[in-house]
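Architecture and fold: a report
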Amino acid sequence: MRVEYINPFVEAAYNILREVMHGEIKRGELYLKSTSMPVLGVAAIIGLAGDVQGRVLVDMTKDTAIKVASTMLEGMEMEPLTHLNDMGKATITELANMITGQAVTKLHNLGFKFDLTPPAIFTGDNMEIADTGVEALIVPMILEHGKIEINVAIRERN
Amino acid sequence: MSSKAQLRKHNRLKPYHGNGGKQHEEDETIDYKMVTFSLGGKDYAVDILDVKEIANLIGVTPVPNTPAYVAGVYNLRGEIISIVDLRIMFGLPAEERSSGEPRRGLILRLNDTIIGIIVDYVDQVVGVDSSRIQPPHPIFGDINIKYISGVVEKNERLYIVLDVERIFGRESQEAEARRRRSAETEGAELAGAPAEETHEAPESIVAQRAVEARNQHELDLIFIKEELTSLVQFYPSALNNDWLASRYEDWRKERTAAEREVQLACADDAHEFLAPFYSRDTGRFWSSGSAGMFREILPERLRNTITVWNPGAGKGFESYSLACLLKKVYPESTLKIWASDNDLLSISSAPNLVFREEEVPSTYHEFVVEGKNGYTLAGMIKDSVLFEYHDITHPNVVPEMDLIVARDVLSCLPPERQASVLDEFYDKLLEHGIVIVGDHETGLAPDRWERIDGSRIAAFRKRKQEKGA
């Protein structure tokens, strides 16, 4: 993945999570992956188009998703969740939108023109994602509620 | 120090000479080779035929309900093997270690089982005359005497030879038979050279010694190769074997002259060994000499859009040097360089590389501008290079290339990956294209690649394939 794209995503993930979550947030070691990879359980996906093609996946376990969504809802003085209902899914989708949106804004300021697709959310057990021909950058963010992986796969349009 | 320990130290300093001492050493025939290692400050050895390889054990997984000396299981390239901590097994005080730290170990092959042992450090390969191995005496080592097959002195050091068969081996009939046989032939069976080498005894001692000396060097080289892989992830293969063999000769002379061990004990040794491997002007701008060597192999004309693939770009010096050179040689052409590296820190700094004026050879001055933080490259050069954080063993989405510059990249990949990446180079290279590999990676398959005549850098062209071949 183009070097210039990396930092905007790392910074956006950190900034947004720090804004909406309480407690300490740590960034794990970045790495690359190309084979099909397991999805933790709840994954919000946003497509990218424009100068590039690709997608961003915000991935976490169901348990982490419930806790993260609850914290975000409580921040807006709403009831915490007991299970991952529609409200919870909408909240996680919004989190993915916020992270990707901020990253794309930063990239726009650097002169890269990206468009976003509306986010979609997948939940389930034993899911895998495979992107042929493009490797993914994994940005692990470690929260007190668990781990969120920002999985970015972008390639230049040749 | 306890009196027992003092006694042991005394014994080590004054090794016992068997019958004949020095003179005997000169006449001795080396027919027993052993890998030596250190444990609790004492020297131990195992038969080299029992040693499969030397390994840095990272990520040994503990297993519950096993004896304390079983450190756990380990994934040796897909094979799960048990790891035994010899210190604990032999009742020596365990060393304080953090769990993530690699442990030095030997992988032993015993009949059908493979087992790993953790030692303090692996020392070297020592050849001795098997007839000089003395029976064990109770004062040697902390180890139960039944596990010791003998004691031998070499170069004023006393080695305790362990009987790994008896320590780890299952009491299978085969092992029992083998032991009986070895006892009958007084170690001759055990002492043979490794399987692929000759088992016949040479007629004269002189000839045998020559063979042994050669074998010793071959073995040393084999161990050095394994150490390079385990210490610094450098993979010996057909690509770099010629260099390794000639480097080993120099290295042995250097180290022997300096009275240091030939074997590589740590990553620093490995880096020292590899220091002359790296191609000229690695990690800095190319001197006019290097640029000249590149210039020589470039064709008169290239396409209007020149495509270049530069994996292993590091901090970007190579990609920028290449861009400046190509811009000078083909001023009319558009230049596109795909530069990548899997070292995130290095490659991240590449797009905004800043340097001091004196780091740039005068030939590039026309492409350099002064920025806020120092000197940097002009927009026309920067815009021609696309830096990517990328692992070359993953799918490579690049168009067909005029030039592929991959210096000292392939040697950092396991041999099967080297081959698949070279296949990919072959597919992605245009008919007139040129591949440039590291100065010492010249062992490309001759049926597919031919070196450009008179090239002073390792520049290759595709060999034309017969139709249908």
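Attention in this report is confined to the structure presented alongside it. Remember, it's a predicted structure, so these values are computed and weren't measured experimentally. (Residues numbered from 1 in each chain as written. Chains lettered and ligands numbered in written order. Predicted model: local features only at pLDDT ≥ 70, side-chain atom pairs only at ≥ 80, totals over all residues. Heavy atoms only, no water.)

1. Thoughts on the overall build of chain B
Note the following rule: In DSSP terms, a helix is any run of H or I states spanning at least four residues, a strand is any run of E spanning at least two, and both are numbered starting from the N terminus. Throughout, exposure labels follow a simple rule: accessible area from a 1.4 Å probe, protein chains only, divided by the maximum for the residue type, with under 20% read as buried, over 50% as exposed, and the rest as partly exposed. Here, residues are in contact when the closest pair of their heavy atoms is within 4.5 Å. All accessible areas in this document rest on Shrake-Rupley with a 1.4 Å probe, and a residue is counted as covered only by the protein chains that are shown.
Broken down by element type, chain B carries 14 helices and 19 strands. Taken across its 469 residues, chain B has 50% of its residues classed as buried. Excluding contacts between residues fewer than 6 apart, the proportion of contacts in chain B whose partners are at least 24 apart in sequence is 67%. In the form shown here, chain B has an accessible surface area of approximately 23300 Å², with 50% of it arising from carbon and sulfur atoms.

2. Thoughts on the packing of helix α2 (residues 62-75) of chain A against helix α3 (residues 86-109) of chain A
Residue and element names in this part refer to chain A. Defined as follows: In this description, a line fitted to the C-alpha atoms serves as the axis of each element, helices being fitted only across the stretch in contact, and the angle between N-to-C directions of two axes falls anywhere from 0 to 180 degrees. Roughly parallel covers angles under 35 degrees, roughly antiparallel covers those over 145, roughly perpendicular covers 65 to 115, and oblique covers all other angles. Residues are sorted three ways: Asp, Glu, Lys and Arg are charged, Ala, Val, Leu, Ile, Met, Phe, Trp, Tyr, Cys and Pro are nonpolar, and all the rest, Gly among them, are polar.
The interhelical angle for the contact between α2 and α3, taken along N-to-C directions, is 85 degrees, at an axis separation of 9 Å. Judged by the angle between their axes, α2 and α3 are roughly perpendicular. Taking contact as the criterion, the partners of Ala65, Val68, Ala69, Met72 and Leu73 in α2 are, on α3, Met87, Gly88, Thr91, Ile92 and Leu95. Partitioning the contact of α2 with α3 into residue classes produces eight nonpolar, two polar and no charged.

3. Some thoughts on empty space enclosed by the protein
Stated formally: Each cavity reported here is a set of points on a 1 Å grid over the protein atoms alone in which a 1.4 Å probe fits but cannot get out, each pocket an open set with protein on both sides within 12 Å along at least five of seven lines, and each lining residue one with an atom within 4 Å of a point. Grid points are joined across faces, edges and corners, and a volume is the space filled by probe spheres set on the points.
Evaluation of the coordinates by the stated rule reveals two cavities of 30 Å³ or more. By volume, the largest cavity amounts to about 220 Å³. Around the largest cavity, the lining comprises 19 residues; the ones closest to its centre are Met1 and Arg155 of chain A together with Glu388, His390 and Val397 of chain B. When residues of the lining of the largest cavity are traced back to their parent elements, those giving at least two are β10 (146-156) of chain A together with β12 (334-341) and β15 (385-389) of chain B.

4. Observations regarding the nonpolar core
Let me state the cut-off plainly: We call a set of buried Ala, Val, Leu, Ile, Met, Phe, Trp, Tyr and Cys residues a nonpolar core when their side-chain atoms join them within 4.5 Å.
Counting residues in each nonpolar core, the largest one holds 92 residues, and the members touching the most others are Leu95 and Ile150 of chain A. Looking at which element gives the most residues to this core, the answer is helix α1 (residues 3-20) of chain A, with 10 residues. Aside from chain neighbours lying at most four places away, what touches leucine 95 of chain A is Ile16, Leu17, Val20, Met60, Val68, Met72 and Ile148 of chain A. Among the nonpolar cores identified, the runner-up in size contains 30 residues, and Ile48, Val51, Ile54 and Val84 of chain B belong to it.

5. Details of the sheet that holds strand β19 (residues 459-462) of chain B
Residues and elements named next belong to chain B. Worth spelling out the cut-off: Pairing between two strands requires that DSSP report at least two bridges joining them.
Ordered by their spatial adjacency, seven strands build an open sheet running β15-β12-β11-β16-β17-β19-β18, and the pairing between neighbours is mixed. Edge positions in the sheet fall to β15 and β18 (449-451), since each of these pairs with one other strand and no more. Taking the axes of each pair of neighbouring strands and ignoring which way they run, one obtains an average angle of 20 degrees across the sheet. In this sheet, β15 lies alongside β12 in parallel orientation, the contact comprising five bridges. Its bridge partner lying in β15, isoleucine 337 is registered against valine 385. Seen against the sheet, helix α14 (residues 415-428) touches β11 (305-311), β16 (401-406), β17 (429-437), β18 and β19 and runs at an angle of roughly 140 degrees to β17.

6. Section: the interface of chain B and chain A
Note the following rule: Buried surface area refers to the total accessible area, computed with a probe of radius 1.4 Å, that the two partners give up upon joining, counted for both partners together.
With 14 residues of chain B at the contact, the number on the chain A side is 16 residues. Approximately 1300 Å² of surface area, both sides summed, lies buried where chain B meets chain A, with 63% of it carried by carbon and sulfur atoms. When residues of chain B are sorted by the area they lose upon contact with chain A, Tyr389, His394 and Val397 of chain B head the list and together hold 43% of the total. Looking at which element gives the most residues to the side of chain B that touches chain A, the answer is β15 of chain B, with four residues. The residue inventory of the side of chain B that touches chain A, partitioned by class, reads nine nonpolar, three polar and two charged.

7. Observations regarding the sheet that holds strand β6 (residues 103-110) of chain B
Residues and elements named next belong to chain B. Spatial ordering of the open sheet is given by β3-β6-β7-β5-β4, a layout of five strands whose pairing is mixed. The strands lining the two open edges of the sheet, one partner per strand, are β3 (51-57) and β4 (70-76). Across the sheet, the axes of successive neighbouring strands diverge by a mean angle of 30 degrees, strand direction being ignored. Relative to strand β5 (residues 79-85), β4 runs antiparallel, the two sharing six bridges.

8. Quick notes on a nonpolar patch on the surface
Inclusion rule: For patches, a residue must show more than 30% relative accessible area and have no salt bridge; joins then use 9 Å for like charges and 5 Å for nonpolar side chains, namely Val, Leu, Ile, Met, Phe, Trp and Tyr. In what follows, salt bridge is the name for a side-chain nitrogen of Lys or Arg lying within 4 Å of a carboxyl oxygen of Asp or Glu.
A cluster of nonpolar side chains, Met76, Met78 and Met87 of chain A, forms an exposed patch at the surface whose accessible area comes to about 280 Å². With respect to the secondary-structure elements, methionine 87 of chain A resides in helix α3.

9. Describing the side chain of serine 290 of chain B
All names here are of chain B. Stated formally: Pairing of N or O atoms within 3.5 Å defines a polar contact, subject to two protein rules: one partner must be a possible hydrogen donor and the other a possible acceptor, and residues neighboring in sequence count only if both atoms are side-chain atoms.
When you line up the elements, serine 290 lands in helix α10 (residues 288-297). Accessibility expressed as a relative area gives 4% for serine 290, which makes it buried. A polar atom in the side chain of serine 290 sits 2.5 Å from the side chain of aspartate 281. Ignoring anything within four residues of it in the chain, the contact list for serine 290 reads Arg280 and Asp281.

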